[in-house]
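# Structure assessment
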Amino acid sequence: MSDVRPIVHGAFHASLREVEPGLFRAEYVGELNPENPDQRALPDFHLGTSARDVKVWVEQMARGLGYDRVVWDELPGGD
């Protein structure tokens, strides 16, 4: 038996910003209730010292939750 969840959610949306030199923050909506999208509005984030490492972490987490890809959204103001 495999520990891999089937892909059922489609795209996971996140944004990435450098909050100060060398510190990166990915922001996304946390998963409260995957069966009801209207009840998944818990803001969450991940911090790291490398934009690449933060993106990899978010992409692995999203796959673990059953998403097939991460869409990196633009932040308001061009951040």
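Residues numbered from 1 in each chain as written. Predicted model: local features only at pLDDT ≥ 70, side-chain atom pairs only at ≥ 80, totals over all residues. Heavy atoms only, no water.

## A look at helix 1 (residues 51–64)
The first and last C-alpha atoms of helix 1 sit 20 Å apart over 14 residues, in line with the 20 Å expected at 1.5 Å per residue. Burial in helix 1 covers these residues: Val54, Val58 and Ala62. Looking straight down helix 1, one finds its buried side chains confined to an arc of 65 degrees; they lie on one side. Across from the buried face of helix 1, at angles greater than 90 degrees, the exposed residues are Arg52 and Arg63. Looking at the buried positions of helix 1, the neighbouring elements they touch are strand 1 (11–20), strand 2 (23–30), strand 3 (42–48) and strand 4 (69–72). Just downstream of helix 1, glycine 66 is the residue with a positive phi angle, here 100 degrees. (Helix = DSSP H or I, 4+ residues; strand = E, 2+ residues; numbered from the N terminus. Expected span 1.5 Å × (residues − 1). Buried < 20%, exposed > 50% of the residue type's maximum accessible area, 1.4 Å probe, protein only. Arc of directions from axis to C-beta. Contact = heavy atoms within 4.5 Å.)

## Let's talk about the pattern of salt bridges
Counting across every chain of the model gives four salt bridges. Two residues, glutamate 27 and arginine 25, come together in a salt bridge whose shortest N-O distance is 3.0 Å. (Salt bridge = Lys/Arg side-chain N within 4 Å of Asp/Glu carboxyl O.)

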